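What the coordinates show
Residue-level listing of the chains:
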Amino acid sequence: MRIILLGPPGAGKGTQAINLAQRLKLVHISTGDILRQNVSNGTDLGKQAKGYMDSGALVPDDLVTQMLERQINQPDTEKGFILDGYPRNISQAKALDKILKQKNIKIGLVVYLDTSESVIIQRLTGRLVCKFCGANFHIKNMPPKIDMICDKCGGELYQRTDDKEETIKTRLEVYKKEASSLIQYYEAGHQLRRISADEDADPVLNKIVQLAQSI
Ligand code: AMP
């Protein structure tokens, strides 16, 4: 099964994708995580992407799409995958369709995580991420058992540089500019399901699992 999670920054795409991947035995592909890895490893791609990411802008489509295609072509995605953070606009959605068509596969489900702006700001400003496994925590809502240490793998937690209030504003503006046309695109293709994602992670996960099991 191939699933896309859509929604604004702070909707919980990363958390849901990690848990859903475990539950449904699918591969989690997060373009944000792969880009951050490239930045921290100092690769050419990382050097090109860093400035855009730090300011909250989108990295150019061709760079991200090439990176995504390499990931989708890995043998471990054969049983299916969950896309988190891609596509971000119509041109990426069309590029994805092209990649999938070449492989003769299709997206089965697109879940739109509908989230209110106050919840988004509150989640992002308190978010902590594991440097090692990418698991998400929250200073107040979901604190780690040991201060700044990941419960899942023992890795160090950090606050993303783009989770500052100023950059969050830019990221939300970028998101809003592209979101409605992207949603319409998948509504027209009939794969889109909307769910409210203001609740805690577990009830939201259960709703996504139900949707996945119903297709
Ligand atoms: P995320 O972890 O999904 O919030 O992404 C963090 C940052 O990585 C974004 O603000 C963008 O700068 C960049 N990024 C991630 N995915 C994409 C994408 N599909 N297209 C362009 N830029 C992306």
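Everything that follows concerns the structure shown earlier in this document.
Now for a look at the structure at hand. Remember, predicted model here, so these are calculated numbers, not experimental data.

**Topic: the overall build of the chain**
- In terms of regular secondary structure, the chain is built from eight helices and eight strands.
- A compact globule built from 215 residues should have a C-alpha radius of gyration of about 17 Å, and the chain, at 16 Å, falls within 12% of that.
- In terms of its C-alpha atoms, the chain occupies a principal-axis envelope of roughly 45 × 40 × 35 Å.
- In the chain, buried positions account for 47% of the 215 residues.
- Here the analysis covers contacts within the chain between residues at least 6 apart in sequence; of these, 69% occur between residues at least 24 apart.
- Total accessible area on the chain stands at roughly 11,300 Å², and carbon and sulfur atoms take up 50% of it.
- Averaging the positions of the 30 positive and the 26 negative side-chain charges in the chain gives two centres separated by 4 Å.

**Comments concerning the pairing of strand β5 (residues 127-130)**
- Alternating residues of β5 divide into Arg127 and Val129 and Leu128 and Cys130, and every residue in both groups is buried.
- Alignment of β5 against strand β6 (residues 136-138), held across three bridges, turns out to be antiparallel. Looking at the pairing, Arg127 lines up with His138 of β6.
- Counted along the chain from β5 to the antiparallel partner β6, the turn is five residues long, and its residue Gly134 has a positive phi close to 80 degrees.
- Both β5 and strand β7 (residues 157-158) contribute to a ladder of two bridges, which runs antiparallel. Looking at the pairing, Val129 lines up with Tyr158 of β7.

**With respect to the sheet that holds β5**
- Strand order in this open sheet of three strands is β6-β5-β7, and the pairing throughout is antiparallel. What marks the edges here is a single partner per strand, and that holds for β6 and β7.

**Points about the sheet that holds strand β2 (residues 27-30)**
- Spatial ordering of the open sheet is given by β2-β3-β1-β4-β8, a layout of five strands whose pairing is parallel. The strands lining the two open edges of the sheet, one partner per strand, are β2 and β8 (192-196). Put simply, the sheet's adjacent strands are angled 20 degrees from each other on average, direction ignored.
- In the packing of helix α8 (residues 201-213) onto the sheet, contacts are made with β1 (2-6), β4 (109-114) and β8, and the angle to β8 comes to roughly 160 degrees.

**Quick look at helix α7 (residues 165-188)**
- If you check α7, its first and last C-alpha atoms are 34 Å apart, about what 24 residues at 1.5 Å a residue would give, namely 34 Å.
- Considering bend angle alone, the principal kink of α7 is centred on Ala179 and spans about 40 degrees.
- Considered for burial, the residues of α7 that qualify are Thr167, Ile168, Arg171, Leu172, Tyr175, Ala179, Leu182, Ile183 and Tyr186.
- Residue His190 follows α7 closely and has a positive phi angle near 65 degrees.

**Considerations on the layout of surface pockets**
- Volume-wise, the second largest pocket comes out at about 670 Å³.
- Looking at the second largest pocket, it is lined by 28 residues, and the ones nearest its centre are Asp33, Arg36, Gln37, Lys131 and Tyr158.
- When residues of the lining of the second largest pocket are traced back to their parent elements, those giving at least two are β2, α2 (31-41), α3 (44-55) and β5.
- When residues in the lining of the second largest pocket are grouped by element, the largest group, seven residues, is from α2.
- Broken down by class, the residue content of the lining of the second largest pocket amounts to eleven nonpolar, nine polar and eight charged.

**As for the side chain of Arg36**
- Structurally, Arg36 can be placed in helix α2.
- Of note is the side chain of Arg36, whose polar atom sits 2.8 Å from the side chain of Asp33.
- With residues near it in sequence (within four places) discarded, Arg36 still touches Ser30, Met53, Tyr158 and Arg160.

**A few points about the site of the ligand**
- Surveying the vicinity of the ligand reveals 16 residues, the closest of which are Thr31, Arg36, Ala57, Gly85 and Gln92.
- The side chain of Arg36 places a nitrogen or oxygen atom 2.9 Å from an oxygen atom of the ligand.
- Between the ligand and Arg88, the relevant distance is 3.1 Å, taken from an oxygen atom to a side-chain nitrogen or oxygen of the residue.
- Protein contact buries 96% of the 480 Å² of open area that the ligand shows by itself.
- Here the shell around the ligand gets four residues from one element, more than from any other, and that element is α2.
- Here the shell around the ligand is composed, by residue class, of seven nonpolar, four polar and five charged.

Here is what the cut-offs are and how they apply
- Every chain's residues receive numbers from 1 upward, in the order its sequence appears when written.
- Predicted model: local features are reported for residues with pLDDT of at least 70 only, side-chain atom pairs are reported and counted for 80 or more only, and whole-chain, interface and lining totals are derived from all residues.
- The basis for the side-chain values is all heavy atoms of the structure; hydrogens and waters are excluded.
- A run of DSSP states H or I qualifies as a helix once it reaches four residues; a run of E qualifies as a strand once it reaches two. Both are numbered from the N-terminal end.
- What the globule rule says is 2.2 Å times the number of residues to the power 0.38, and the radius of gyration is computed from C-alpha atoms.
- Here the term buried applies to any residue with accessible area under 20% of the maximum for its type, exposed to any over 50%, and partly exposed to those in between, with areas from a 1.4 Å probe on protein chains only.
- Here, residues are in contact when the closest pair of their heavy atoms is within 4.5 Å.
- With residues, only the protein chains shown are counted as cover, and all accessible areas are computed by Shrake-Rupley using a 1.4 Å probe.
- The sign given to each residue is positive for Lys and Arg and negative for Asp and Glu; His and the chain ends receive no count.
- Every charge is mapped to an atom, namely NZ of Lys, CZ of Arg, CG of Asp or CD of Glu.
- Two strands are counted as paired when DSSP detects at least two bridges linking them.
- Fitting a line to C-alpha atoms yields each axis, with helices limited to the stretch in contact; the angle taken between N-to-C directions then spans 0 to 180 degrees.
- To estimate how far a helix should reach, multiply one less than its number of residues by 1.5 Å.
- Here the bend at a residue is taken as the angle between two axes, fitted respectively to the seven residues that end there and the seven that start there.
- The distinction between a cavity and a pocket rests on a 1 Å grid over the protein atoms alone: a 1.4 Å probe fits inside a cavity but cannot get out, while a pocket stays open yet meets protein on both sides within 12 Å along at least five of seven lines, and a residue with an atom within 4 Å of a point counts as lining.
- Grid points are joined across faces, edges and corners, and a volume is the space filled by probe spheres set on the points.
- Classification convention: Asp, Glu, Lys, Arg as charged; Ala, Val, Leu, Ile, Met, Phe, Trp, Tyr, Cys, Pro as nonpolar; all other residues, Gly among them, as polar.
- In protein, a polar contact requires one atom able to donate a hydrogen and another able to accept it; more generally it is a pair of N or O atoms within 3.5 Å, and residues adjacent in sequence count only if both atoms are side-chain atoms.
- Whether a residue is near a molecule or strand depends on its heavy atoms: it is near if one of them lies within 4 Å of it.

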